[in-house]
Amino acid sequence: MCTDNHALDDPRPPFYLQVSFTRFVGYFLRLGTIGFGGPIALAGHMQQDLVDERRWVSKEDYLEGLALAQLAPGPLAAQLAIYLGYVRAGVVGATAVALAFVLPSFLMVLALSAAYVRFGGLAWMQGMFYGIGAAVIGIITRSAFKLTKLTLGKDKLLWGIFVVLAISTAWTSKEIIWLFLLAGIISLLIKSFPRTVRARSAVPLLFTVGTVGVSGSLLGLFFYFAKAGMFVFGSGLAVVPFLYGGVVQGHHWLTDRQFVDAVAVAMIPGPVVITVAFVGYLVAGLAGATAAALGIFLPVYLIVVVLAPSYKRWAKNPQLNAFVRGVTAAATGAIAGAVVVLARRSVYDVPTIAITIVTLAVLFRWKVPEPVLIACAAIAGLLLRPA
């Protein structure tokens, strides 16, 4: 429960008094179990369900949580959920909501991973992922398009950053972290100069994890995915270009085919970045999946818990906002470049080209849930895959 002092100081109606803590956490357990559509869709569900209909959360708290999720690195939907849990019941609320929101999709990934390892060599499983991989390219392309419209607008500087990162990612097939940092710094200098930079204490906080080295141990897995999570802004798909360079090319944990299949797993309910648990499972079984999931989500949780109390003091800092906008444009460009990288491995013949085009056409024309498209692509793969 929130403290009495908070309730006395806050003139807003105590929405949280209208629902028990158990029911509040139960909502996020349900959303993590059946919530499809990616971060924007999940954030929209929270607004519609918790703010508009049930009135368990005030509009002000929701908007503040959404702003924090957009400013800080990490998957947007998970950060927003954790923030709302923190507002409801402090650290206990944040912890309970984080577990409830992530656990269902984590368990689903474990089941899918076990089936993939057990049956991945069979023709029917290969046929399913033959079609699914092509559909995933269409889904990511559509997501990149939506993110571009949402984050870049008509800003020429952000478009320039986008183009540079899209080309560099497509050309090198790797995550170039210093380009992300440079994008943020350039945006900060151009959009905020000559004002004095007052966000110097916040910027290092966002990227301290990125300096940690990686080994082949479970601890190495944890730190690798924690580093990757530091560059997820807005959409969980932003983690894809970072993972490809390290998981496939750097450490050779997965093959190209397995990595595309890992991205397909991201289409299950819940936060998109839970796909890292699939990667971890293929590397080191249950322990690897757990280490990967902790690596991607624990920093997100800590960022919310640490920054939430003082968040209002720095949220409107123009320098910090300029830096984040630059990094976000870079992340969006990297997603666009990742489409090219992954398409080389998944779209290579007439059937896969057809599946990708049909997926894109359906997404642009109708609001069809992505899992439905994945299921249809799996059937098409079984029917069309060359013997």
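Look up: the structure comes first, before these words.
This structure is a prediction, so every number in the text was calculated from the model and none was measured.

Chemist: Just to check I follow, could you spell out the overall build of the chain for this structure?
Modeler: Along the chain, the regular secondary structure elements total 17 helices and two strands. Buried positions account for 56% of the 387 residues belonging to the chain. In the chain, the share of contacts with a sequence separation of at least 24, taken over all contacts with a separation of at least 6, comes to 75%.

Chemist: I would appreciate a short explanation of the packing of aromatic side chains in the present structure.
Modeler: Each aromatic ring pair is described using two quantities: the centre-to-centre distance and the angle formed by the ring planes. Overall, the coordinates contain ten aromatic pairs when judged by the stated rule. On the basis of an interplanar angle of 75 degrees and a centroid distance of 5.4 Å, the ring pair of W159 and F162 is categorised as edge-to-face. Placement of both W159 and F162 in helix α7 (residues 156-172) is noted, with a separation of three residues, approximately one turn of the helix. You can call W159 partly exposed: its relative accessible area is 33%. By relative accessible area, F162 is classed as buried at 12%. Three or more aromatic residues link up through ring pairs in this structure, and these residues are F24, Y27 and F28. Over the face of the ring belonging to F24 we find R88, whose NZ or CZ atom lies 5.9 Å from the ring centre. If you follow R142 out to its NZ or CZ, it ends over the ring of F364, 4.6 Å from the centre.

Chemist: Can you help me understand a nonpolar patch on the surface in this one?
Modeler: A contiguous nonpolar surface patch, about 570 Å² in accessible area, is contributed by W178, L182, I185, I186, L189 and I190. Note that I185 resides in helix α8 (residues 177-192). Since its relative accessible area comes to 41%, I185 is described here as partly exposed.

Chemist: How do you make sense of the packing of helix α11 (residues 239-250) against helix α12 (residues 256-265) when you look at a structure like this?
Modeler: In helix packing, the relevant descriptors are the interaxial angle and the interaxial distance, both defined with respect to the helix axes. Running from N to C, α11 and α12 point in directions that differ by 150 degrees, and their axes come no closer than 11 Å. With respect to their mutual orientation, α11 and α12 come out roughly antiparallel. Judged by the twist between their axes, the crossing of α11 over α12 is right-handed. Contact residues: α11 offers V240, L243, Y244, V247 and V248, while α12 offers D256, F259 and V263. Here the residues of the contact of α11 with α12 sort into seven nonpolar, no polar and one charged.

Chemist: When you look at the environment of Y83 in this model, what are you seeing that I'm missing?
Modeler: For Y83, the location among the structural elements is in helix α5 (residues 76-119). Separated by 218 residues in sequence, Y83 and Y301 have C-alpha atoms that sit 8.7 Å apart. Discounting chain neighbours no more than four positions away, the residues touching Y83 are D61, E64, G65, L68, V304, A308 and Y311.

Chemist: Please explain the nonpolar core as it appears in this structure.
Modeler: Looking at soluble globular proteins, one finds that nonpolar side chains tend to be buried together. Within the largest apolar cluster, 105 residues are counted, with the highest numbers of intra-cluster contacts made by F28 and M46. Counting residues per element, this core draws most heavily on α5, at 20 residues. In this view, M46 contacts Y27, F28, L31, V51, Y62, A77, L80, A81, L84 and F101; residues no more than four positions away in its chain are not counted.

Chemist: I'm lost on helix α6 (residues 123-151) in this one. Help?
Modeler: Three- or four-residue spacings in an α-helix give side chains the same orientation, since the helix completes a turn every 3.6 residues. With 29 residues, α6 should reach 42 Å at 1.5 Å per residue; the first-to-last C-alpha distance of 42 Å fits that figure. Trailing α6 by a residue or two, G153 shows a phi angle of about 60 degrees, which is positive.

Chemist: Would you explain helix α10 (residues 218-229) in this entry?
Modeler: In this model α10 runs 17 Å from its N-terminal to its C-terminal C-alpha over twelve residues, within 8% of the 16 Å that 1.5 Å per residue would give. With nine of twelve residues buried, α10 lies mostly within the body of the structure. Inspection of α10 places G220, L221, F222, Y224, F225, A226, K227, A228 and G229 among the buried residues, and these make up the whole buried set.

Conventions and cut-offs
Residues numbered from 1 in each chain as written. Predicted model: local features only at pLDDT ≥ 70, side-chain atom pairs only at ≥ 80, totals over all residues. Heavy atoms only, no water. Helix = DSSP H or I, 4+ residues; strand = E, 2+ residues; numbered from the N terminus. Buried < 20%, exposed > 50% of the residue type's maximum accessible area, 1.4 Å probe, protein only. Contact = heavy atoms within 4.5 Å. Phe/Tyr/Trp six-rings, centres within 6.5 Å; stacked < 30°, edge-to-face > 60°. Lys NZ or Arg CZ within 6 Å of the ring centre and 35° of its normal. Patch = residues over 30% accessible without salt bridge, like charges linked within 9 Å, V, L, I, M, F, W, Y side chains within 5 Å. Areas by Shrake-Rupley, 256 points an atom, 1.4 Å probe, with all protein chains shown as cover. Salt bridge = Lys/Arg side-chain N within 4 Å of Asp/Glu carboxyl O. Axes fitted to C-alpha atoms, helices over the stretch in contact; angles between N-to-C directions. Parallel < 35°, antiparallel > 145°, perpendicular 65-115°, else oblique. Left-handed = near helix turned anticlockwise from the far one by under 90°. Nonpolar A, V, L, I, M, F, W, Y, C, P; charged D, E, K, R; others polar. Core = buried A, V, L, I, M, F, W, Y, C linked by side-chain atoms within 4.5 Å. Expected span 1.5 Å × (residues − 1).

All quantities given are derived from atomic positions and should not be read as evidence of function.
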